[in-house]
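A structural walkthrough
Given next are the chains, with one letter for each unit.
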There are 2 protein chains.
Amino acid sequence: MSSAKRKSEARAGSRSHGRDPESSRREILEAAAEIFMEYGYAATSLDHVAERLGATKGRVYHYFPSKADLFLGIHQGAMETLIATVAPLLDGPGTAAERLHAMAMAHARMLMTRSPEQKVAVGKLERHLLRGATARHQHTLQAIVRLRDDYEQLFAEVLSEGMREGDFAVQPPRLATKPVLGALNWLTVWYQPRRGESSEDIEIIARMIADFVVKGLRKGEPLP
Amino acid sequence: MSSAKRKSEARAGSRSHGRDPESSRREILEAAAEIFMEYGYAATSLDHVAERLGATKGRVYHYFPSKADLFLGIHQGAMETLIATVAPLLDGPGTAAERLHAMAMAHARMLMTRSPEQKVAVGKLERHLLRGATARHQHTLQAIVRLRDDYEQLFAEVLSEGMREGDFAVQPPRLATKPVLGALNWLTVWYQPRRGESSEDIEIIARMIADFVVKGLRKGEPLP
């Protein structure tokens, strides 16, 4: 049995019908994220998600009337979680370089520990999947695009500050965020939790990438 | 009319039935890469590709008996092109840091100028798309996994050399390639050629990312 399946069964077992709608919603989104990652968008159905949860299709349908709603719900939830975690660090103490380091560590940790949702969320928003989207979906889609833009803006701001403080090479901040987010988000492509991976292992990887991005932005010639 | 469509029509117009099989194959792969990028795997068909080329389905089918063959063909071709372009730079003159810089520039340029194939190729190999793959497909899939591994190894080698030369921080080379390739490959997510983009614009972006990755690997503490 896959570890994802084991986790979901544990979840289904502990599920209480009296739980609040917000945690039901989250539970469904988590299961759906796992299935989208395993099978891809086209091969995933509401039945699939219900089965993984040991729930009825009606229960899933109650919260998410369509597969597109599920997909967009995962996206939106994951972006909101990222922003809620990383935004406070922008306003924290220390130099811009120190704050970027903390933001990068937090982002990398989230990608490694909340892997399925984040894999769905940081990838490209595959608009072709939503062709013929309803007005409601279009609305959600626009909200997600704004969230992504807000998130990138957090990084652009700390980069601008680091340029003003004289630590970072001066360049257009939005452009300079691209390799930073690339180095971080590539985790969703290569990182697979290993059996028995400890939180210390995750810290080592997060630190390696955070060090890399902060050094990469420094002033000075790349070649000695 | 989209620029992709214009390009394909130009291609279809200039197409000669007497051309050699290798360029026919390439022409089909290029058109297919554009369509996979626009519509996604599930919504793409051989008919679709034939229509874009102004060719018969039979002509496409002659070279690629199935959609999976097309998808794998794009992958394999793009990886072979990357390796053929980047591998000679590993053996070129200069320090490891200089050679990595040249390799990163070449990789970034390729991703920007050969966008559809490379977008298909550097993304995750979505194995679920190939569920129920035939033995022949499995064979190609294994060849692609080996090519990717070979490609990553080129970067691991130049990183090891840079560590021995004392320019790069000492860390496991394969792990250290991840943020390097992430900063580069993220181009396939965010980069869109703008109207009237010049080769100079492409050079500026390629240099920004190459500078970033070389600096990111340097020895020393990330924070002053």
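The numbers attached to residues start from 1 for each chain and follow its sequence in the written order. To read the labels, note that chains go from A and ligands from 1, taken in the order they are written. Thresholds applied to this predicted model are a pLDDT of at least 70 for local features of residues and 80 or more for the giving and counting of side-chain atom pairs; totals over whole chains, interfaces and linings are not thresholded and use all residues. Hydrogens are left out, water is left out, and the side-chain values use all remaining heavy atoms of the structure.

The name that an unreviewed UniProt entry assigns to chain A is TetR/AcrR family transcriptional regulator, with the source organism given as Aquibaculum arenosum.

Cross-referencing UniProt, the feature "DNA-binding region" (unreviewed entry) maps to residues 45-64 of chain A in the present numbering. The numbering of helices and of strands both runs from the N terminus, where a helix is a DSSP run of H or I of at least 4 residues and a strand a run of E of at least 2. Taken end to end, residues 45-64 of chain A is 75% helix and 0% strand, and its first and last C-alpha atoms sit 12 Å apart. UniProt positions are given in the numbering used here, feature names are shortened, and annotations may be inferred rather than shown by experiment.

Our next topic: the nonpolar core. As used here, the term nonpolar core means buried Ala, Val, Leu, Ile, Met, Phe, Trp, Tyr and Cys residues forming a set that is joined through side-chain atoms within 4.5 Å. For the exposure calls, accessible area comes from a 1.4 Å probe over protein chains only, and a residue counts as buried if that area is under 20% of its type's maximum, exposed if over 50%, partly exposed in between. Formed by 88 residues in total, the largest nonpolar core has its most connected members in Phe155 of chain A together with Phe155 of chain B. Beyond its immediate chain neighbours, meaning those up to four positions away, Phe155 of chain B contacts Val86, Leu100, Met103, Thr177, Val180, Leu181 and Leu184 of chain B. Contact definition: two residues touch when any of their heavy atoms are within 4.5 Å.

Before going further, it helps to examine helix H6 (residues 96-113) of chain A. Compared with the 26 Å implied by 1.5 Å per residue over 18 residues, the 26 Å span of H6 of chain A between its first and last C-alpha is a close match. The buried count for H6 of chain A comes to 14 of 18 residues, which makes it a mostly enclosed element. Given a helix with a known number of residues, its expected span is that number minus one, times 1.5 Å.

C-alpha atoms of residues with pLDDT of at least 70 in both copies form the basis for the least-squares superposition of the copies. Overlaying chain A on chain B yields an RMSD of 0.0 Å, the required transformation being a rotation through 180° with an accompanying axial translation of 0.0 Å. Here the copies are linked by what is in effect a two-fold axis. Residue Gly216 of chain A of chain A places its C-alpha closer to the rotation axis than any other residue of that unit, at 1.9 Å. A shared interface surface links the copies, since 100% of the contact residues of chain A are contact residues in chain B too.

This part covers the pattern of salt bridges. All names here are of chain A. Each reported salt bridge corresponds to a side-chain nitrogen of Lys or Arg within 4 Å of a carboxyl oxygen of Asp or Glu. Tallied over the entire structure, the rule returns 27 salt bridges over all chains. Put simply, Lys57 and Asp47 hold a salt bridge, and the shortest N to O gap is 3.8 Å. Here Lys57, found in helix H4 (residues 57-63), pairs with Asp47, found in helix H3 (residues 46-53); they are 10 residues apart in sequence, far enough to count as distant. When its relative accessible area of 42% is taken as the criterion, Asp47 is described as partly exposed. A salt bridge links Arg109 to Glu203; the nearest nitrogen and oxygen atoms lie 2.5 Å apart. Here the residue Arg109 occupies a position in helix H6, and Glu203 occupies one in helix H11 (residues 199-216), the gap between them amounting to 94 residues. Overall, the relative accessible area of 30% leaves Arg109 in the partly exposed class. Classification of Glu203 by relative accessible area gives partly exposed; the value is 26%. The structure contains a network of salt bridges with shared partners spanning Asp149, Glu152, Arg174 and Lys178.

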